[in-house]
Amino acid sequence: MKHLKSLNKKAQLINQAVSPEEVEDVVAMQTVVGCTATTDPGWELDPFGGLGSLCQPMESDLYGCADACWWPAQVPDTMHTYPDWGKDVAKANEDWRKLDGIFEDGE
Amino acid sequence: MAPTNKSTRRTLIGSGVLLLAGLASASVQADDAKQIIRDRCLACHTESGDASAPNFSRISEQRKTPEGWLFTINRMINLRGLQISDDEKREVVRYLADTQGLAPSEAAPFRYLLEQDTNLVEEGVDQALAETCARCHSAARFGLQRRTTEEWQLLVNFHMGQFPTTEFHSLARDRKWYEIAHDEVAVQLGEQYPLLTPAWDNWKQAVKSDLDGRWRVTGFVPGKGEYDAWMTTSKADGGRYNLSLEGQYADGSPLSGSGKATVYTGYEWRASITIDGVKMRQVMAADAKGMSMNGRMFLASEREIGGVMSALKDTKAPAVVAVMPSYLRKGESTALTIIGQNLDGDIDLGPGVKVEKVLERSDDRIHLMARATGDEGTQSVQVGAAELASGLAVYGELARVEVTPQNAVARIGGMSKMPKVRVAYRAVGYSAGADGKPGTEDDLRLGYMPAEWSIKPADEMAAEEKDAEFAGTIDAAGIFTPGDDGPNPKRKMMANNVGRLAVVASVKDAGEAVEGDGSLLVSVPDFVRRVLD
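Because the structure is predicted, anything quoted here is derived from the model rather than measured.

A. Quick peek at unusual backbone geometry. All names here are of chain B. Put simply, Met324 and Pro325 share a cis peptide bond, and its omega is -10°. Within the secondary structure, Pro325 sits in the loop between strand S13 (319-324) and strand S14 (327-329). Cis geometry marks the peptide bond from Thr404 to Pro405; its omega dihedral reads 0°. Looking at the element boundaries, Pro405 is found in the loop between strand S21 (400-404) and strand S22 (407-411). A positive phi is found at Lys316, a non-glycine position, where the angle reads about 75°.

So this is what it looks like as structure tokens:
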């Protein structure tokens, strides 16, 4: 890494955590209950506690990650659990208004 | 209990069970629930052992809270195609929470999750458990379960089968995740949270108290303020309770509501109540003698918006339950309200505190003017034979303001089908204590104080991204409302209205403003709403 220069903010952030010890420190970070920060990137926060490394806007590549159940606690995984989620929203970046949640908390 | 729905009735008649209305008993209820499990669950689960004390595979090896069982059954409906009516579901949840629940001491460390008070960072989570489990969901979710080691291992297998990319996440792909999770972490969970515990054995045998009666209640509703009220509870059919709540907010406006409650596991109070047209829920735990309950009441439609709630049973004995406000600045005549029950006799607010005038007095409420001239510190508040230790904090100067919650997440919404997730804030005041330094252990907690609220960017990067401009607003009552969801063309890269903010409370004390702040993350929606995060 010492011969490479980071060009943008995301690369600079990654550079800050190049040693294995630092990576371990960073990823073990605790966040507010219900948030996922450690699944590179997290859903709410990136592994550095910021927003700089997240996909933004999230709608632009939502299915790229949801399909692979990357954050199954926050985004319905369409691989196994909720295959029909987002069925009517072919392009999330255009049809995001139709996005709905899965409400598993019925009484 | 008499069957409450058609399908249950059919089942019971079909199995030859004769029920007479009015002959309600816990054992009939349990038989009912066991039969529902047989009818609904045995397509996949198996039954073994004595019919009167059956073992249902995967079910009998676990203990959970009422919410935990509801979560499991909902998951069976959503993921496994379970067909069950709402009434049957309630019946099974109650049976399982009663017979395979958690003892009060087992649930105690994680009550915040049951109370849906989740704007906090969990501390002290074992590293292996944090890396394996709590990196996606709360540590309380599994901390509120008890299983055999084999059952914990099957839970690992469930995750592997249901969410196979778990192995490829960070903290998984760099190690033998499955082997570690199955052979080490599940074993650790089996030791830390085992199925069989002395605490549960003892609680099962303990005599459970009825929770009917009159309760003196105090609490807080965001946007409305602190309140005091009387809650009347009476037993209804099916082991449920009817309840009513009548009282007033600190500004004098009335509060009135009624609803129904269920008590699970002998101490877990769960109520649905409509207060002045707004549906709310109560989650409280009763103490072992059924004399007091503590927990939280929140909006049924927005579980993040709620506040603490305490109830003390009226046993005709005098009691002081609260002083509002709970602080008194030295040298200033201040109006205080003592909240209690069966109050009779002389009022004593502690050495150096003078009751200047009693403005209004009844047996459950005393409104008075007081002035403190003595030392700083907490005072016990006495009315006749009733005493509330540390009921009033006398202070010289406000030194520090703490914003609560200290760490919170709001979620954008409102433009798609996902609702906005708001955050309700309060400010807690402290004086510096004997050492004169704020932020040290001897700081004197004064209580919740009225504040002016504002937001600012959390740091330089948040300022550069104009997070405070886009991510939302906070109102005079301390309720933060996040921005709309969807890509925002006005932001760089069409970013969402997410942001990292500092929420600032400014509290006036003798003309001087003292500020404190909390950390707020305004995030994207959580598309999977579960019973427990």
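B. Main features of the pattern of salt bridges. Tallied over the full model, the rule gives 37 salt bridges over all chains. The salt bridge involving Lys420 of chain B is made with Asp484 of chain B; its shortest N-O contact spans 2.9 Å. Here the residue Lys420 of chain B occupies a position in the loop between S22 and strand S23 (423-424), and Asp484 of chain B occupies one in the loop between strand S28 (479-482) and strand S29 (499-509), the gap between them amounting to 64 residues. For Lys420 of chain B, a relative accessible area of 23% corresponds to the partly exposed category. For Asp484 of chain B, a relative accessible area of 33% puts it in the partly exposed group. Linked by salt bridges that have partners in common, Asp105 of chain A together with Arg303, Glu304, Arg529 and Asp533 of chain B make up one network.

C. Representation of the layout of surface pockets. Residues and elements named next belong to chain B. Considered as a void within the structure, the largest pocket measures approximately 1,100 Å³ in volume. Considering the residues around the largest pocket, the lining is formed by 49 residues, among which Arg75, Met76, Arg147, Leu155 and Phe158 are closest to the centre. At the level of elements, helix H2 (26-41), strand S3 (62-64), helix H3 (66-80), helix H4 (86-99), helix H8 (139-143), strand S4 (145-147), helix H9 (149-162) and helix H10 (177-192) are the ones that each hand at least two residues to the lining of the largest pocket. The element contributing the most residues to the lining of the largest pocket is H3, with eight residues. Per-class residue counts for the lining of the largest pocket are 27 nonpolar, twelve polar and ten charged. Looking at which domains feed residues into the lining of the largest pocket, each of domain 1 (6-101) and domain 2 (107-205) supplies at least three.

D. Broad picture of the packing of H9 of chain B against H10 of chain B. Residue and element names in this part refer to chain B. For the pair H9 and H10, the least separation of the axes is 8 Å and the interaxial angle reads 145°. Considering how the two elements wind past one another, H9 and H10 form a crossing that is right-handed. When H9 is examined against H10, the residues Thr149, Trp152, Gln153, Val156, Asn157 and Met160 are found in contact with a partner set consisting of Trp177, Tyr178, Ala181, His182, Ala186, Val187, Leu189 and Gly190. Each residue belonging to the contact of H9 with H10 can be placed in one class, and the counts come to nine nonpolar, five polar and no charged.

E. Seen up close, H3 of chain B. Residues and elements named next belong to chain B. Spanning 15 residues, H3 covers 20 Å between terminal C-alpha atoms, matching the ideal 21 Å at 1.5 Å per step. When H3 is considered as a whole, its buried residues turn out to be Pro66, Glu67, Gly68, Trp69, Leu70, Phe71, Ile73, Asn74, Arg75 and Leu79. Phi turns positive one or two residues past the end of H3, at Gly81, with a value near 75°.

F. The packing of aromatic side chains, seen in detail. For the coordinates displayed, the defined rule picks out twelve aromatic pairs over all chains. When the centroid spacing of 6.5 Å and the interplanar angle of 75° are considered together, the rings of Phe110 of chain B and Tyr193 of chain B count as edge-to-face. Of this pair, Phe110 of chain B sits in the loop between helix H5 (104-107) and helix H6 (111-114) while Tyr193 of chain B sits in the loop between H10 and helix H11 (198-205); the two residues are 83 residues apart in sequence, bridging distant segments of the chain. Ring centres 6.0 Å apart and planes at 85° place the aromatic pair Phe158 of chain B and Phe163 of chain B in the edge-to-face group. As far as the burial class goes, Phe158 of chain B and Phe163 of chain B line up, both buried. The structure contains a cluster of three or more aromatic residues connected by ring pairs, namely Trp43, Tyr63, Trp71 and Trp85 of chain A together with Phe527 of chain B. We note Lys64 of chain B situated over the ring of Trp69 of chain B; from NZ or CZ to the ring centre the distance is 5.1 Å. Here the basic side chain of Arg214 of chain B rests over the ring of Trp230 of chain B, its NZ or CZ set 3.8 Å away from the ring centre.

About the thresholds
- Residues numbered from 1 in each chain as written.
- Chains lettered and ligands numbered in written order.
- Predicted model: local features only at pLDDT ≥ 70, side-chain atom pairs only at ≥ 80, totals over all residues.
- Heavy atoms only, no water.
- Helix = DSSP H or I, 4+ residues; strand = E, 2+ residues; numbered from the N terminus.
- Salt bridge = Lys/Arg side-chain N within 4 Å of Asp/Glu carboxyl O.
- Buried < 20%, exposed > 50% of the residue type's maximum accessible area, 1.4 Å probe, protein only.
- 1 Å grid on protein atoms, 1.4 Å probe; cavity = no way out; pocket = protein on both sides within 12 Å on 5 of 7 lines; lining within 4 Å.
- Points joined across faces, edges and corners; volume = space filled by probe spheres on them.
- Nonpolar A, V, L, I, M, F, W, Y, C, P; charged D, E, K, R; others polar.
- Domains from an automatic or database assignment.
- Axes fitted to C-alpha atoms, helices over the stretch in contact; angles between N-to-C directions.
- Left-handed = near helix turned anticlockwise from the far one by under 90°.
- Contact = heavy atoms within 4.5 Å.
- Expected span 1.5 Å × (residues − 1).
- Phe/Tyr/Trp six-rings, centres within 6.5 Å; stacked < 30°, edge-to-face > 60°.
- Lys NZ or Arg CZ within 6 Å of the ring centre and 35° of its normal.

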